[in-house]
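Structural description and commentary
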Amino acid sequence: MASIQSIGIGSNILTNDLIDQLVDAEKVPATNKLDREQELLEFRQEALGEVSSALSKIENSLSSLASASTFSRNTATSSNESVARGTASTLAGSGTYNLNVTQLAESHSIASKAGAFSSVDDVIGTGTIQIQFGNYTDADNDWNNGVDGFTQNTAKDPITINLDSSNNTLSGLRDAINDAGVGVTATIVNAGGTDGYRLLLTSEDTGESSAMRLTSSTTTGDLSVFDFNETTQEADTTIQAQSAAFKLNGMNVTSESNQVTEAIKGVTLTLEDVGNATLSVSRDTDQLSEKINGFVEAYNEFRDLVKNYTKYDTDTGQAGVLIGDFAVNTISRQVSGLISKVIPGREDSSVRSLADIGLGTDRHNDFKLTFDSAKFAQKMASSEADVVALFATQGTATDSGIQYIGASSATKEGTYDVNVTQTASQGYTKGADLSAFFPYTPTAADNGFKINVDGIVSNLLELDTSATYNSGDELAAALQDLINQDTKLGASGKQVTVEFGADNKLTITSSKEGSGSFVTFDEVEAAGGLFGFQADNSLLAGSSLGGAPTLTVDDTNNSFRINVNGTLSDELTLNKGTYTDMDSMATLLQATINGDSKLQSKNETVTVTWNTDHFEIQADKSGDGKFTQLFSIGDQGGNTSNTFHSTFGFEGVGGQDASALITDAATAKVSDMVYYGDSLTSLNTISAGTPLDLSGSASSTFRVSVNGTESNTIDISSLDAGHGAGIFHSATELAQTLNIAINSDANLSDPDADPATTYREGLQVSYNAEMRRLEFKASNVLASGEISFTALGADALANLGVSTERNATAITTGTQQEVTARGNFFNIESGNAKGLMFMLTNGNAGDRGSLTYTQGIASRITDVIGGALSRNTNSPGIFGSRLNQLDQELIDLNEERTELNERMDTMRDRLSRQFTTQDIIVSRLNSTFDFLKSQFEAMNAQKD
């Protein structure tokens, strides 16, 4: 008998269709269930994505309102913009100004004599034409009839145009002037008729002091046809230079330009025509109202989304996909609470909350925001500073020499005392005694040098060999101009000041402040040095201290720092005492310097020697770009509080950074109040496969007290995270469920109460995966407040990591840290002041008062939203955690779908094997039946 090749052939009953029906009977219901779960998860994911976008829109709408500069913008409105327009900066004050413009500023235009040229290629001659700028005086105010005099504008250098055989045509002169870039535009105009071609020169600047004076010197031809000056007017003035003239509230004002920037502080006037106009300058409350309206719209859109996704339709029995969602409910409560509450620190202000400036909630429209722009404008007019403080993040210093720059999201509100322990200084180098040096005329053999300013080396600079300097002040001025005009230094913004002091020495000082500030010479052509400056920068040689000095080292001269090839040491201190052996002192200096950890980390060392009558410090790494600079603590810029340099004979010093002690003042706002649970390894092992199951627990209860308000008893075994009461698939899920339970407790927070009048003593519960602990953060932080747990059941005690024997309190005492600036710029990197930035603009070391940092409502809301939306792996925000959870649930669901398919494939294989076996048996029985049937039929046939 042939073998069975297809299921059902033998029996015609146990077919593949029957296997499909049996598999589908089990697979289809399970697949439908997974499809429904996936659809719901995707709906929730999409809905949470929309809510997340709405929250981001609220963040964006508040970003500019968090800055105080947004509130200082001004607007200038003109009653007649055809006469004058205006713009106002933040420096402008409010006011109304009546303008009467009688004259606009004009640029001087001069045209060559009519009829002098018939072509642009006419040869004009060779020689020079000098162009100067200045003021003409003329009694009849008609310059073509002669002028009375000319006064040169010393702020504008004259220019000489050289004409030779390569450019001795009319077009050649035009191109030479334009190529010179002297502030004059040259064009050739075909005037037509007998006037022919005329060269038209126009000053690029308007105003009386930008009139042009043209004087020629002819070698060949006749260049005098271009002359226009106080003695010769061969050329014609087509437009006389004039300044703008107008009256400002009756006061006469003139301006070289029609762009008037100095008449009214912070206001730029643009004069368009003669006539009258009224300019009104005021705070730009319209743009502020637009920004606030943007926030209102964004918040109300968020409210609409939340309402739509969390509603329950009693008519249809349909529930929103986010109904009861802990993340949505929590962020909604937090944001609405901030909008409605009084801002901490503003309790005694005329503007305490958003309601005071016209932002209210509509009780009859789902507590949506409304905005009264008229009330806002009124408050801006009467209490601008309080309105700014309500919205914006600010830093206010009691010392005018401290300028607040900014802060980060890590900066805690509070008052920080500032005690400057060291001010920043500039690096300098000092030359030799030049008391018998003048008069001095440089020579080609000794006038060249290259100077290194803050690490940038100049081009080769050379003093003018035709000049004679009769004093140190003249030489200092020439050196300063020469150095500051160098292109390499200028490209990097490097500048110096050069002074000739009472000690008859030149001092060259970098304009930069801080540890990166220094001045050295990289090259000096003079064999014996230039003015006492040497080019071996790696060698620092002190001045003579005499043959056998006695040095007394005490608190006034024992501290210093050294910069070796760009690495600045820590503060170094010499042992105090009296020293007569200078070789031993050199050894002590060398050991002190080479023992510094910062220099050691860069493999920088020095050799210190006593050379007859002076100390020498040699950097062991030498060559181009290498240098050594000392500075003593407090001995910068002539401050004699530390006399290390004068004691040891060193004069050139490197700059130093400012430093300060920053203290959290006792009056500072208290920091966040957080109860940290114990670290529990078991929390990290909770998963869908090994859930935390407290469903049958009778001891999973607790009560929590926040700022003296105690919750009702909370039973963890009754909390449902979506897997049945008391069952949790992750520690994050446990934290999120606790978050809902605590913040929904009637004692701590009445969810039905009006958020404008009821304050919530809530807790934000999160799981810190890195520390393996639960964290409970108070929403309301009070100086005398605390978080504590009571009535703890055994299972609650074991799984939460909390205890009745300890509590969390707010920190109200200050802490102190020493901070080093970059120059005079401070950016604090740790503590409550982390991220706080400020600049020392003037003043000395010592107590400099305090700097108070406050957050307005804008940054408070954005911080809450930003924290909630964070999807940081180790510590996600409550909203980010919910999105992460949905992502994981979709992954888990896909794994279930894969497992289902694998089970069904296994079932199909098993049924196929069973059906095949049974089909063979049936086939054999059928064969036996057919055989027996044929036998019986044969027997019956024989009988017949």
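Quick notes on the rules
- Residue positions are counted from 1 within each chain, in the order its sequence is given.
- Owing to the predicted nature of the model, reporting of local features is limited to residues with pLDDT of at least 70; listing and counting of side-chain atom pairs is limited to 80 or more, with chain, interface and lining totals taken over all residues.
- Note that the side-chain values use all heavy atoms of the structure and ignore hydrogens as well as water.
- For the purposes of this entry, the term helix denotes a DSSP run of H or I that reaches at least four residues, the term strand denotes a run of E that reaches at least two, and both are numbered from the N terminus.
- Buried means the residue's accessible area, taken with a 1.4 Å probe over protein chains only, is under 20% of the maximum for its type, while exposed means over 50%, and partly exposed covers the values in between.
- Contacts were defined at the residue level, with two residues in contact if any of their heavy atoms lie within 4.5 Å.
- Salt bridges are defined as contacts in which a side-chain nitrogen from Lys or Arg sits within 4 Å of a carboxyl oxygen from Asp or Glu.
- Here a pair means two rings of Phe, Tyr or Trp (six-membered ring of Trp) with centres within 6.5 Å. Their orientation is stacked below 30 degrees between planes, edge-to-face above 60, and tilted elsewhere.
- Criterion for a charge above a ring: Lys NZ or Arg CZ within 6 Å of the ring centre, and within 35 degrees of the ring normal.
- The criterion is simple. A nonpolar core is a set of buried Ala, Val, Leu, Ile, Met, Phe, Trp, Tyr and Cys residues joined through side-chain atoms within 4.5 Å.
- For helices, the fitted axis covers only the stretch in contact; all axes are lines through C-alpha atoms, and the angles between them, taken along N-to-C directions, range from 0 to 180 degrees.
- Throughout this description, any angle smaller than 35 degrees is read as roughly parallel, any larger than 145 degrees as roughly antiparallel, any in the 65 to 115 degree range as roughly perpendicular, and the remainder as oblique.
- A crossing counts as left-handed when the near helix is turned anticlockwise from the far one by less than a right angle, and as right-handed when that turn is clockwise.
- Side-chain classes follow a simple rule in which Ala, Val, Leu, Ile, Met, Phe, Trp, Tyr, Cys and Pro form the nonpolar group, Asp, Glu, Lys and Arg form the charged group, and the remainder, Gly included, forms the polar group.
- In short, DSSP must find at least two bridges between two strands for them to pair.
- Grouping into patches uses exposed residues only, defined as over 30% relative accessible area, and leaves out salt-bridged ones; the cut-off is 9 Å for like charges and 5 Å for nonpolar side chains (Val, Leu, Ile, Met, Phe, Trp, Tyr).
- The accessible surface values rely on the Shrake-Rupley method and a 1.4 Å probe; as for residues, cover is taken only from the protein chains in view.
- For the charge count, each Lys or Arg is scored as positive and each Asp or Glu as negative, with His and the chain ends excluded.
- Each charge is placed at NZ for Lys, CZ for Arg, CG for Asp and CD for Glu.
- UniProt positions are given in the numbering used here, feature names are shortened, and annotations may be inferred rather than shown by experiment.

Description of the environment of Ala 191
In this fold, Ala 191 is placed in the loop between strand E8 (184-190) and strand E9 (197-203). You can call Ala 191 partly exposed: its relative accessible area is 40%. On a C-alpha basis, the gap between Ala 191 and Ala 114 in space is 8.2 Å, while along the polypeptide they are 77 residues apart. The residues contacting Ala 191, other than those within four sequence positions of it, are Gly 196 and Arg 198.

Overview of the pattern of salt bridges
If charged atoms from side chains of opposite charge come close, those side chains can pair. A complete count under the given rule lists 22 salt bridges for this structure. Residue Arg 773 pairs with Glu 775 through a salt bridge whose shortest N-O separation is 2.9 Å. Assigned by exposure class, Arg 773 and Glu 775 land together as buried. The salt bridge involving Arg 871 is made with Asp 887; its shortest N-O contact spans 2.5 Å. Note that Arg 871 is positioned in the loop between helix H15 (857-869) and helix H16 (878-943) and Asp 887 in helix H16, a separation of 16 residues in sequence. Arg 871 sits in the partly exposed class, given a relative accessible area of 40%. What makes Asp 887 partly exposed here is its relative accessible area of 28%.

Side note on the packing of aromatic side chains
Counted by the stated rule, this structure contains 18 aromatic pairs. Judged by centre distance (4.8 Å) and plane angle (65 degrees), the rings of Trp 610 and Phe 615 are edge-to-face. For Phe 615, a relative accessible area of 0% corresponds to the buried category. Taken together, the aromatic side chains of Phe 437, Phe 438, Tyr 440, Tyr 469 and Phe 500 make up a single cluster linked through ring pairs. When the ring centre of Phe 133 is taken as origin, the NZ or CZ atom of Lys 156, which lies over that ring, is 5.0 Å away.

Structural notes on helix H6 (residues 384-391)
Along H6, the residues classified as buried are Val 387, Val 388, Ala 389, Leu 390 and Phe 391. Next to the buried residues of H6 lie helix H3 (285-310), strand E19 (359-362), helix H5 (373-382), strand E21 (394-397) and H15.

Quick notes on the nonpolar core
Counting residues in hydrophobic clusters, the biggest one holds 63 residues, and the most contacted among them are Ile 58, Phe 391, Ile 861 and Phe 879. Of all the secondary-structure elements, those providing two or more residues to this core are helix H1 (16-63), H3, helix H4 (326-340), strand E20 (368-371), H5, H6, H15 and H16. Dropping the residues within four chain positions of it, Ile 58 is found in contact with Phe 295, Ala 298, Tyr 299, Phe 302, Ile 861 and Ile 865. Membership of the second largest hydrophobic core comes to 35 residues, among which are Ile 686, Val 706, Leu 734 and Leu 763.

Thoughts on the packing of H3 against H5
Where H3 meets H5, the closest approach of the two axes is 11 Å, and the angle between their N-to-C directions is 130 degrees. Classed by the angle they form, the pair H3 and H5 counts as oblique. Viewed along their axes, H3 and H5 form a crossing whose handedness is right-handed. Packed against H3, whose contacting residues are Thr 285, Leu 288, Ser 289 and Ile 292, the element H5 presents Ser 373, Phe 376 and Met 380 at the interface. Taken together, the residues of the contact of H3 with H5 break down into 4 nonpolar, 3 polar and no charged.

Brief notes about the sheet that holds strand E24 (residues 428-430)
Reading across from one edge, E24-E29-E28 is the order of the 3 strands in this open sheet, with antiparallel pairing throughout. Looking at strand neighbours, the two that pair on one side only are E24 and strand E28 (496-500), the edges of this open sheet. In this sheet, neighbouring strand axes are inclined to one another by 15 degrees on average, regardless of whether the strands run parallel or antiparallel. In this fold helix H7 (residues 472-484) packs onto E28 and strand E29 (506-510), with an angle of close to 170 degrees to the strand it touches most, E28.

Focus on the packing of H1 against H3
Contact pair H1 / H3: the axes reach a minimum separation of 8 Å and the direction vectors enclose 165 degrees. Classified by the angle their axes make, H1 and H3 are roughly antiparallel. When you trace H1 past H3, the crossing you get is left-handed. Mapping the contact onto sequence places Ala 47, Glu 50, Val 51, Ala 54, Leu 55, Lys 57, Ile 58, Ser 61 and Leu 62 in H1 and Lys 291, Gly 294, Phe 295, Ala 298, Tyr 299, Glu 301, Phe 302, Leu 305 and Tyr 309 in H3. Its residues assigned to classes, the contact of H1 with H3 comprises 12 nonpolar, 2 polar and 4 charged.

Describing a negative patch on the surface
Residues Glu 895, Glu 896, Glu 899, Glu 902, Asp 905 and Asp 909 make up a contiguous surface patch of negative charge. On the secondary structure map, Asp 909 appears in helix H16. On the accessibility criterion, Asp 909 (45% relative accessible area) is partly exposed.

Here we look at the UniProt feature "domain: Flagellar hook-associated protein 2 C-terminal" (unreviewed entry) in the chain
The positions UniProt marks with the feature "domain: Flagellar hook-associated protein 2 C-terminal" (unreviewed entry) are residues 241-402 and 838-927. When the span residues 241-402 is considered, its composition is 36% helix and 29% strand, and the gap between its end C-alpha atoms is 46 Å. Annotated as residues 838-927, this span is 70% helix and 13% strand, and its ends, taken at the C-alpha atoms, are 102 Å apart.

Some words on the sheet that holds strand E2 (residues 84-88)
The 3 strands are arranged E2-E15-E14 in an open sheet whose pairing can be described as antiparallel. Strands at the two margins of the open sheet, each flanked by one partner only, are E2 and strand E14 (259-264). Mean inter-strand twist for the sheet, computed between neighbouring axes without regard to direction, equals 30 degrees.

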